[in-house]
Amino acid sequence: SLGVISAITNLVPISLKLAIGVGIGLLCAFVGFQQVNMVVRSDEGLIGPGDFVNNPEILLSLGGLLFLTLLNARRVPGAII
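> Where do I start with the overall build of the protein in this structure?
Along the protein, the regular secondary structure elements total 3 helices and 2 strands. Overall, the protein shows an N-to-C arrangement of helices and strands of α-α-β-β-α. With respect to the principal axes defined by its C-alpha atoms, the protein has extents near 55 × 40 × 20 Å. Out of the 81 residues in the protein, the part that is buried amounts to 11%. Counting only contacts in the protein whose residues sit at least 6 apart along the sequence, the fraction spanning at least 24 positions is 5%. Approximately 6900 Å² of the protein is accessible, and the part contributed by carbon and sulfur atoms is 70%. Positive and negative side-chain charges in the protein, numbering 4 and 4 respectively, have mean positions lying 27 Å apart.

What follows is the structure in structure tokens.
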């Protein structure tokens with residue numbers, strides 16, 4: 001059965017495999033943005049920016065994202081955990 005799975009996997013182009021991973025990552029990021037009200041429902045369009053000035057959750061999540069990025073750039077073990 002392993003030969004069948006690898007044969008099917010080899011039929012899919014590498015660009016499609018990477019695009020699927022990027023799409024899943026963007027979906028996860030969008031759900032996270034909705035969780036902290038960084039992205040909200042808008043009357044003018046489907047989505048709009050949240051209240052960045054009066055919502056401490058947004059600032060805390062952006063600070064955490066910046067901290068995570070810095071730790072990851074410095075190659076700290078376990079930075080994403």
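> For this particular structure, what's the right way to read helix α2 (residues 14-35)?
Three or four residues apart is the spacing at which side chains of an α-helix point the same way, because the helix has 3.6 residues per turn. The end-to-end C-alpha distance of α2, which contains 22 residues, comes to 32 Å, matching closely the 32 Å that a straight helix rising 1.5 Å per residue would cover. Looking at the residues trailing α2, positive phi occurs at N37, about 60 degrees.

> Just checking my understanding: could you explain the side chain of N55 for this structure?
If you trace the backbone, N55 turns up in the loop between β2 (47-49) and α3 (56-73). Judged by its relative accessible area of 14%, N55 falls in the buried class. If near-sequence neighbours (up to four positions away) are discounted, N55 is found in contact with V36 and N37.

> I would appreciate a short explanation of unusual backbone geometry in the present structure.
If a residue is not glycine, its phi is most likely negative; likewise, a peptide bond is most likely trans. Of note in the backbone geometry, N37 takes a positive phi value of approximately 60 degrees without being a glycine. By the element assignment, N37 lies in the loop between α2 and β1 (39-41).

> Please explain the environment of V40 as it appears in this structure.
With respect to the element layout, V40 can be found in strand β1. Expressed as a C-alpha distance, the spacing of V40 and G50, which sit 10 residues apart in the sequence, is 5.6 Å. When sequence neighbours within four positions are dropped, the list of residues in contact with V40 reads L46, I47, G48, P49 and G50.

Basis of the calculations
Residues numbered from 1 in each chain as written. Predicted model: local features only at pLDDT ≥ 70, side-chain atom pairs only at ≥ 80, totals over all residues. Heavy atoms only, no water. Helix = DSSP H or I, 4+ residues; strand = E, 2+ residues; numbered from the N terminus. Buried < 20%, exposed > 50% of the residue type's maximum accessible area, 1.4 Å probe, protein only. Contact = heavy atoms within 4.5 Å. Areas by Shrake-Rupley, 256 points an atom, 1.4 Å probe, with all protein chains shown as cover. Lys, Arg positive; Asp, Glu negative; His and termini not counted. Charge placed at Lys NZ, Arg CZ, Asp CG, Glu CD. Expected span 1.5 Å × (residues − 1).

Taken by themselves, the reported measurements are silent on function.
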